[in-house]
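Residue-level listing of the chains:
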Amino acid sequence: MSIVALFGAIETGLLYALIGLGVYLSFRVLEFPDLTVDGSFPLGGAVVATLILQGVNPAIATFIACLAGALAGLVTAWLNVQLKILHLLASILTMISLYSINLRIMGKPNIALLGQPTILTPLQPLFNSIPQWLVIPIILLAIVIIIKILLDQFLNSEIGLAMRATGANPLMAKAQGITTERMILLGMAISNGLVALGGALFAQIYGFADVTMGVGTIVFGLAAVIIGETFIAPTTVMKATLGAILGSVVYRIAVALALNADFLGFQAQDLNLVTAILVALALVLPQSRSRLGTFLKR
């Protein structure tokens, strides 16, 4: 694999790290299996692309895209909290609805942003002195680090601790006076806001938004979280979020290696198969190591 392909995998991994952080918040912190991300990721891309074409400042368009994703998360949480619909079913209903909503927003299945100003346009002079395949990963790394620090601080704040308590033990949290319904609404909003941010950046970096670009997003997010936990034990919030970021990058590099390894015979259409194999390995390896350690102690 060439150095350009390697940095391309790192770039994609850092982009999907935002999804990993969002899925970590819903899946691990709130214990809320959320398929909304398959719709909120393209929602972020659809909103930002449509607004940019309407002449809106890319930074403002990106912020509005995050708010749109947060609203999608709120809808899922509201269906679960207020209407008592099972969380998994509530997220599926929202995800299906977002497919039609994204089509409505864009007016067609996809939008091209080639030649349009993006959030990266002010940094264009850097591309003249430093290769683009190196600049974009550095920019994404800075964004991901900032988001990670903010998320760490939030989850260690009073509200964040209340949210973690809600996910760990809702009955105990209610007994302590925590309004668990509000915590679920807030957590799901932040989670899908992060995913929509990833979708907005994806559309601006790769120059298009497509209604189908969210297919398998939840699998990517879960892969990042699970693979990250095999490398870094999530004993603290800082380690857990770092693991989600690392897991996303490692996952994308592993996929790139698998698809570029001729002896394995994988092709581009085998992406989902490679994903399933990697996630299965990430789930099995920690158990195998634990069993091996127990066996050796005997």
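This one's a predicted model, so the numbers in the text were calculated from it and none came from an experiment. Residue positions are counted from 1 within each chain, in the order its sequence is given. Owing to the predicted nature of the model, reporting of local features is limited to residues with pLDDT of at least 70; listing and counting of side-chain atom pairs is limited to 80 or more, with chain, interface and lining totals taken over all residues. Hydrogens and waters are ignored; side-chain quantities use all the structure's heavy atoms.

Peer 1: Even after reading the chapter, I still don't get the overall build of the chain, so can you show me in this structure?
Peer 2: Of the regular secondary structure elements, the chain holds twelve helices and two strands. Moving toward the C terminus, one meets the helices and strands of the chain in the order α-α-α-α-β-α-α-α-α-α-β-α-α-α. Put simply, the radius of gyration uses C-alpha atoms, and a globule should come to 2.2 Å times the residue count raised to 0.38. A compact globule built from 298 residues should have a C-alpha radius of gyration of about 19 Å, and the chain, at 19 Å, falls within 12% of that. Expressed along its principal axes, the backbone C-alpha trace of the chain runs to roughly 55 × 50 × 30 Å. We call a residue buried when its accessible area falls under 20% of the maximum for its residue type, exposed when it is over 50%, and partly exposed in between, using a 1.4 Å probe and counting protein chains only. In the chain, buried positions account for 48% of the 298 residues. Here, residues are in contact when the closest pair of their heavy atoms is within 4.5 Å. Looking at the chain alone, contacts between residues at least 24 apart form 76% of all its contacts between residues at least 6 apart. When the accessible area of the chain is evaluated, it comes to approximately 14,500 Å², of which 68% is carbon and sulfur surface. In summary, the charge assignment counts Lys and Arg as positive and Asp and Glu as negative, without counting His or the chain termini. Every charge is mapped onto a representative atom, which is NZ of Lys, CZ of Arg, CG of Asp or CD of Glu. Across the chain, 14 positive and 11 negative side-chain charges occur, with their mean positions spaced 8 Å apart. Secondary structure is summarised from DSSP: a helix means a run of H or I of at least four residues, a strand means a run of E of at least two, and numbering begins at the N terminus for each. Residue exposure ignores everything except the shown protein chains as possible cover, and the areas themselves are Shrake-Rupley values with a 1.4 Å probe.

Peer 1: Explanation requested: the side chain of E11 in the structure shown.
Peer 2: By secondary structure assignment, the location of E11 is in helix α1 (residues 3–29). For the buried E11, no salt bridge exists, and the shortest N-O distance to an oppositely charged side chain is 10 Å, to R252. Whenever a carboxyl oxygen of Asp or Glu lies within 4 Å of a side-chain nitrogen of Lys or Arg, that contact is scored as a salt bridge.

Peer 1: Please explain the packing of aromatic side chains as it appears in this structure.
Peer 2: Between two aromatic rings, the relevant description is the distance of the centres plus the angle of the planes. The rule is short: rings of Phe, Tyr and Trp, with Trp giving its six-membered ring, pair when the centres are within 6.5 Å, and they are stacked under 30 degrees, edge-to-face over 60, tilted in between. Here the structure, examined in full by the defined rule, presents six aromatic pairs. Centroid distance F220 to Y251: 5.8 Å. Interplanar angle 40°. Geometry classified as tilted. Placement of F220 in helix α10 (residues 217–231) and of Y251 in helix α11 (residues 237–260) is noted, with a sequence separation of 31 residues between them. Of the two residues, F220 and Y251, both sit in the buried class. In textbook terms, an aromatic cluster arises when at least three aromatic residues are bridged by ring pairs, as seen for Y16, F41, F202, Y206, F208, F220 and Y251. Whether a charge lies above a ring is judged from NZ of Lys or CZ of Arg, which has to be within 6 Å of the ring centre and within 35 degrees of the ring normal. Positioned above the aromatic ring of Y16 is the side chain of R252, whose terminal nitrogen or guanidinium carbon lies 5.6 Å from the ring centre. Positioned over the ring face of F220 is R252, at 5.7 Å from the centre of the ring.

Peer 1: Help me understand the UniProt feature "transmembrane region" (unreviewed entry) in the chain, please; the structure alone is not making it clear to me.
Peer 2: UniProt positions are given in the numbering used here, feature names are shortened, and annotations may be inferred rather than shown by experiment. UniProt feature "transmembrane region" (unreviewed entry): in the numbering of this structure it lies at residues 6–27, 59–79, 86–105, 130–151, 184–207, 213–233, 240–259 and 271–288. Helix makes up 100% of residues 240–259 and strand makes up 0%, while its end C-alpha atoms are separated by 28 Å.

Peer 1: I keep staring at the nonpolar core and nothing clicks. Help me out?
Peer 2: One recurring pattern in soluble globular proteins is that nonpolar side chains are buried together. Nonpolar cores were defined as sets of buried Ala, Val, Leu, Ile, Met, Phe, Trp, Tyr and Cys residues, with membership established by side-chain atoms within 4.5 Å. Counting residues in each nonpolar core, the largest one holds 58 residues, and the members touching the most others are L21, Y24, F41, L140, L155 and Y251. When residues in this core are grouped by element, the largest group, eleven residues, is from α1. Setting aside residues no more than four positions away along its own chain, Y24 makes contact with V29, L155, V225, V237, A240 and T241. L43, A46, A61 and A72 belong to the second-largest nonpolar core, a separate cluster that totals 19 residues.

Peer 1: For this particular structure, what's the right way to read the layout of surface pockets?
Peer 2: Unoccupied space between atoms shows up once a probe the size of one water molecule is rolled over them. Grid spacing is 1 Å over the protein atoms alone, the probe is 1.4 Å, and a cavity is where that probe fits but cannot get out, while a pocket is an open set with protein on both sides within 12 Å along at least five of seven lines and lining residues have an atom within 4 Å of a point. Grid points are joined across faces, edges and corners, and a volume is the space filled by probe spheres set on the points. If you add up the space inside the largest pocket, you get close to 280 Å³. Forming the boundary of the largest pocket are 14 residues, of which N80, T166, P170, T180 and I184 lie nearest the centre. Residue assignment for the lining of the largest pocket shows that the elements contributing at least two residues are α3 (58–81), α7 (158–168), α8 (170–175) and α9 (180–206). The element contributing the most residues to the lining of the largest pocket is α9, with three residues. Gly counts as polar in this scheme, as do all residues outside two lists: the nonpolar Ala, Val, Leu, Ile, Met, Phe, Trp, Tyr, Cys and Pro, and the charged Asp, Glu, Lys and Arg. Residue composition of the lining of the largest pocket, by class: five nonpolar, five polar and four charged. Put simply, the second largest pocket is a space of about 230 Å³. Contributing to the lining of the second largest pocket are 15 residues, with T118, Q124, Q132, Q204 and I205 lying nearest its centre. If one sorts the elements of the lining of the second largest pocket by residue count, α9 sits on top with three residues. For the lining of the second largest pocket, the per-class residue count stands at seven nonpolar, eight polar and no charged.

Peer 1: Any chance you could explain the environment of I143 here in plain terms?
Peer 2: Turning to its location among the elements, I143 is positioned in helix α6 (residues 132–155). Using a relative accessible area of 25% as the deciding quantity, one classes I143 as partly exposed. As for I143 and Q54, which are separated by 89 residues in sequence, their C-alpha atoms are 25 Å apart.

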